[in-house]
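Take a look at the letters that make up each chain.
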Amino acid sequence: MTAAPVAADAPAAPAATDADLRRAAVRVLLGNWTGSSTLPSRTLYPHQWSWDSAFIMLGLRHISPYRAQRELESMLGAQWADGRLPHIAFHPATPPGAYFPGPDFWRSASAGSAPPGVPTSGIVQPPVHALAAWETHRADPVASRRRGFLERVRPGLAAWHRYLADRRDLGGRGLAAVVHPWESGMDNSPAWDAPLARVEPAAAGSFRRRDLDHADVADRPTDLDYGRYVRLAADYRDHGYDDRATPFGFAVEDPSFNALLVLSEHALADITAELGGDPAPHRERAAALTEALVGALWDPGAGLFLCRDLIGGAPIREYGVAGLVPLAVPGLPVAADLLRTALGERFRVGGVHLVPSYDLTGPAFEPGRYWRGPGWFNMSWLVHLGLLRHGAPAQAAALRASMLAAAARTGFAEYVDPYSGEGRGTRDFSWTAATVLDLLSREV
Amino acid sequence: MTATTPRLACQEQLLPGTTLQDKWEYARAAGYDGIELRGRSAFALRDRLPELRRALRDGVVLPTVCVDMPHFFGAFDPDLRRDAVEQMKSQLSVIAEIGGVGAQTPASYGMFSRRLPPFEPPRSEAEDREVLLAGLAELGAHAEREGTTLFLEPLNRYEDHMVNRIDQAADLIRAAGSPAVRIGIDSYHMNIEEADPAAAVLAAGPLIGHVQVSDSNRFQPGAGHIDWPVFFAALDAIGYSGWTAVECRLSGDPDSALRGVPPFVRKVAA
């Protein structure tokens, strides 16, 4: 095992105590703040990312509820008229060439529904936002009410959920589909290998990657996969990001995406009730989504939720952390079985560093490569929530301890080798600091 | 979200009572940990030494003094400048003698603003710098001898034309080279001058030696719109362990305003 090279941003000195770790995490989030939102990383990800912002809010609310509120308000400023929340809002101060695919690729201005003046991408990321909004409100209800935070964000969050219900139920089973691997947030998961294999890659010379300027090539997706990502995005773009007109070459029901939608639908119910509205429609929608999730994606044989390839018409038999995320759903009927899988040999939660992003025993497992094995802090945060929710406090404590130790040891690495605990990807990664801050704010 | 609670002082003129002992009784009851003195001109602080010694004997905590004079060590007039340096040296000696941590001064106050007519000061930037470096070197050497610290306070652009931001103070302090000169930050001025006050605190780090607080409108913390949680989180993140002194005007009922500050600060810094 070779040590992951760290190019631009050296890790901070290891934090000795929880107080030191908290201070170091605060420094990361204050350092990545731009004035209206937080960069996931100053080097690798120099814009605002949709689901990153939501996870960042979960930690930022402990530093500054005001900044956490601004984070979401800034994201919602990039929302399209059709309700979609784009996966990137491009930061005007960052040079256009700093990230590929950048504004020149997505050309959001040419899509009728995109907001004027804010260049964005056209795809989405998992809907963690209502959950983050509610948790941010709860961090300081007085400050939230004074600014009218929930009043301000509720319409946008409701429109976002409506977009997913109206435009993305491509399978007709009451679930939201993703039309690009990046929409799952788990860009390079082995679950996408089979559905991606059908996609004709964009010509190698037709684009230039920027991710390899700041990260080790061994940790990142291959060039061939990158060509396929570009092809899918270009096809969507060339059909005006119209979900009814685009002949999607990739369409998948992802259990993590939909479980996060369930959590956010419950949060939207809480938000609506707090504002004096009727939460029932959101509770009903959360219940219907939970039922659809279990009915359509639960695989009793595997004891895990599986992604479903809507084009091939079959479950994708790759066991990834996406299938564990529903553990965070309250009242999940199959929680006991899913818990067994989480603690079993495929994921060994509590026995390895973080929650591996992919089956430790699976054929495609690689301990250091992007979403093909290493553990991520946001996924581990969700599984930690699930362990607490479904009666596994000892395992939750072990997972929490492994997250805190890994963050301290690696200088807030983007992801972590589940066996060696070595940091991978970039350092001073915002949601790593944010999820750690949130864990530090509670006892377990 | 911070690991340590700020040590909170209140400037003496804000506190009711005629003696420091009276003021201290009020301050303690309100939740303050110390009283910041005001150092007037004509060696007024030195002349108060008997009073200060009595107060110390009675348990009053007096960590710092903030200058309260009509001229400063960055004055255009050489005689006023010389007097200000001598006054500050005396204040440093007094604060050292009573066991405090330091004395705070801006480069100047109310002398010139580039934002107000006639816009162009009578002295060049290079000359300003020369004057400030000479003053900081002399005061730093004196503070070192006395075992105390001089805090250089950046003021907003309408109150001073030379040192408005924390990075400018840091640059001067590094150039002056004395370990006994540190930055005394003030949240009110930072709110006007810093693009990102928290980032400015992180950048200056250990050069920050003292903190004064008032809100965006110069009233007590909580009366304006400064993002206090992030302000204190940034101070905690750099490991700041010095004093936080309330220097402000009071809005509303003065008693409620003063008593409201300690619980407010402890809440937003929690």
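Reading the values: rules and limits
- Residues numbered from 1 in each chain as written.
- Chains lettered and ligands numbered in written order.
- Predicted model: local features only at pLDDT ≥ 70, side-chain atom pairs only at ≥ 80, totals over all residues.
- Helix = DSSP H or I, 4+ residues; strand = E, 2+ residues; numbered from the N terminus.
- Rg over C-alpha atoms; globule rule 2.2 N^0.38 Å.
- Buried ≥ 20, exposed ≤ 12 C-beta atoms within 10 Å, placed from the backbone.
- Contact = placed C-beta atoms within 7 Å.
- pLDDT = per-residue confidence, 0-100.
- Pairing = 2+ DSSP bridges.
- Nonpolar A, V, L, I, M, F, W, Y, C, P; charged D, E, K, R; others polar.
- Axes fitted to C-alpha atoms, helices over the stretch in contact; angles between N-to-C directions.
- Parallel < 35°, antiparallel > 145°, perpendicular 65-115°, else oblique.
- Left-handed = near helix turned anticlockwise from the far one by under 90°.
- Expected span 1.5 Å × (residues − 1).
- Right-handed = clockwise from strand over helix to strand, strands pointing away.

This next bit is on the overall build of chain B. A count of helices and strands for chain B gives 10 helices and eight strands. Against the compact-globule benchmark of 18 Å for 270 residues, chain B has a radius of gyration of 18 Å, which places it among compact chains. Taking the principal axes of the C-alpha coordinates as reference, chain B spans close to 50 × 45 × 35 Å. A buried classification covers 50% of the 270 residues belonging to chain B. At a minimum sequence separation of 6, the contacts of chain B that also span at least 24 residues come to 78%.

This part is about the overall build of chain A. Summing up its helical and strand segments, chain A has 16 helices and 11 strands in all. Over its C-alpha atoms chain A spans a radius of gyration of 20 Å, differing by no more than 12% from the 22 Å that the globule rule assigns to 444 residues. The C-alpha extent of chain A, read off along each of the three principal axes, is 55 × 55 × 50 Å. Put simply, chain A has 444 residues, and 58% of those count as buried. When contacts within chain A are restricted to residue pairs at least 6 apart in sequence, long-range pairs at least 24 apart make up 71% of them.

A residue-level look at chain A finds 96% of positions with pLDDT of 70 or above and a mean pLDDT of 93. Taken as a whole, residues 1-12 of chain A scores under 50 in pLDDT and shows 26 contacts with residues more than four places along the chain or in a different chain.

What follows is about the pairing of strand E8 (residues 243-246) of chain B. All names here are of chain B. Alternating positions in E8 separate into two faces, Trp243 and Ala245 on one and Thr244 and Val246 on the other, with burial throughout. One ladder, built from four bridges, connects strand E1 (residues 7-11) with E8; its direction is parallel. By the bridge assignment for E8, Cys10 is matched with Val246. Pairing of strand E7 (residues 208-213) with E8, which is carried by three bridges, proceeds in the parallel orientation. Bridge pairing links Gln212 to Ala245 in E8.

Time to look at the interface of chain A and chain B. The interface is formed by 17 residues belonging to chain A together with 14 residues belonging to chain B. When contributions to the side of chain A that touches chain B are tallied by element, the ones reaching two or more residues are helix H1 (18-31), helix H2 (50-63) and helix H3 (65-76) of chain A. It is H1(A) that provides the largest number of residues to the side of chain A that touches chain B, a total of seven residues. When grouped by side-chain class, the residues that make up the side of chain A that touches chain B number eight nonpolar, five polar and four charged.

Okay, the sheet that holds strand E9 (residues 375-376) of chain A next. Residue and element names in this part refer to chain A. If you trace the three strands from one edge of the open sheet to the other, you get E9-E10-E11, paired in antiparallel fashion. Edge strands, defined here as strands with exactly one partner in the open sheet, are E9 and strand E11 (423-424). Note: strand E10 (residues 415-416) against E11, two bridges, orientation antiparallel. What sits directly across from Val416, in E11, is Gly423.

What follows concerns the packing of H1(A) against helix H9 (residues 228-237) of chain B. H9(B) packs onto H1(A) with a crossing angle of 125 degrees between their chain directions and a minimal axis gap of 9 Å. When the interaxial angle is binned, H1(A) and H9(B) end up oblique. Crossing of H1(A) against H9(B): the hand is left-handed. For the pair formed by H1(A) and H9(B), the contact residues are A:Arg23, A:Val26, A:Arg27 and A:Leu30 on the first element and B:Ala233, B:Ala234, B:Asp236 and B:Ala237 on the second.

So, about unusual backbone geometry. Cis geometry is found at the peptide bond from A:Phe100 to A:Pro101, where omega equals -5 degrees. If you trace the backbone, A:Pro101 turns up in the loop between strand E2 (88-89) and helix H4 (103-106). At the junction of B:Pro117 and B:Pro118, the peptide bond is cis and its omega measures out at 5 degrees in the coordinates. If you trace the backbone, B:Pro118 turns up in the loop between strand E4 (102-106) and helix H5 (125-146). Although it is not a glycine, A:Phe412 sits at a positive phi angle of roughly 60 degrees.

This paragraph deals with H1(A). With 14 residues, H1(A) ought to run about 20 Å at 1.5 Å a step, and its terminal C-alpha atoms sit 20 Å apart, in line with that. Summarising burial for H1(A): 11 of the 14 residues are buried, a large majority. Every buried residue of H1(A) is listed here: A:Leu21, A:Arg22, A:Arg23, A:Ala24, A:Ala25, A:Val26, A:Arg27, A:Val28, A:Leu29, A:Leu30 and A:Gly31. Against H2, helix H15 (393-410) and helix H16 (430-440) of chain A together with helix H8 (197-204) and H9 of chain B lie the buried residues of H1(A).

Here we take up the confidence of the model for chain B. Low-confidence regions, as indicated by low pLDDT, have predicted coordinates that should not be scrutinised in detail. Here chain B averages 97 in pLDDT, and 99% of its residues register 70 or above. The ipTM assigned to the predicted complex is 0.91, against a pTM of 0.93.

With that settled, consider the environment of A:Ala54. All names here are of chain A. Mapped onto the secondary structure, Ala54 falls in helix H2. Take Ala54: there are 29 C-beta atoms within 10 Å of it, and that puts it in the buried class. Here Ala54 is in contact with Val128, His129, Leu131 and Ala132, once residues within four sequence places are set aside.

A few words now on the sheet that holds strand E2 (residues 34-40) of chain B. Strand pairs in the sheet, formed through backbone hydrogen bonds, run parallel or antiparallel to each other. All names here are of chain B. Overall, parallel pairing links the eight strands, which are arranged E1-E2-E3-E4-E5-E6-E7-E8 in a closed barrel. Going across the sheet, the axis of each strand differs from the next one's by a mean of 30 degrees, ignoring polarity. Looking at chain direction, strand E6 (residues 181-186) and E7 are connected through four bridges and run parallel. Bridge pairing in E7 links Asp186 to Gln212.

Moving on: helix H11 (residues 255-274) of chain A. All names here are of chain A. With 20 residues, H11 should reach 28 Å at 1.5 Å per residue; the first-to-last C-alpha distance of 29 Å fits that figure. The element H11 is largely enclosed, with a buried count of 18 among its 20 residues. At the exit of H11 stands Gly276, carrying a positive phi of roughly 85 degrees.

Right, let's get into the pairing of E2(B). Residues and elements named next belong to chain B. Extensive coverage of E2 is indicated by the burial of five of its seven residues. Of the pairings in the sheet, the one linking E1 to E2 comprises three bridges and is parallel in character. Bridge pairing in E2 places Gln11 opposite Glu36. Handedness of the β-α-β unit built from E1, helix H1 (residues 20-30) and E2 comes out right-handed. Where E2 and strand E3 (residues 64-68) come together, five bridges link them in parallel fashion. Residue pairing for E3: Glu36 is matched across the bridge by Thr64.

Another point: the environment of A:Ala133. Residue and element names in this part refer to chain A. Assignment of secondary structure puts Ala133 in helix H5 (residues 129-139). Taking the number of C-beta atoms within 10 Å as the measure of exposure, Ala133 has 32 and is therefore buried. Separated by 76 residues in the primary sequence, Ala133 and Met57 have C-alpha atoms spaced 7.8 Å apart. Dropping the residues within four chain positions of it, Ala133 is found in contact with Leu72, Leu150, Val153, Leu157, Ala267 and Ile271.

A few words on the environment of B:Leu258. Tracing the backbone shows B:Leu258 in helix H10 (residues 254-268). In contact with B:Leu258, other than residues within four places in its own chain, are B:Cys10, B:Leu14, B:Ala30 and B:Leu250.

All names here are of chain A. Between H15 and H16, the shortest axis-to-axis distance is 10 Å and the interhelical angle comes to 130 degrees. As far as their axial angle goes, H16 and H15 are oblique. The two elements H15 and H16 meet at a crossing, and its hand is left-handed. Across the interface between the two elements, Arg400, Met403, Leu404 and Ala407 from H15 touch Thr432, Val436 and Leu439 from H16. Partitioning the contact of H15 with H16 into residue classes produces five nonpolar, one polar and one charged.

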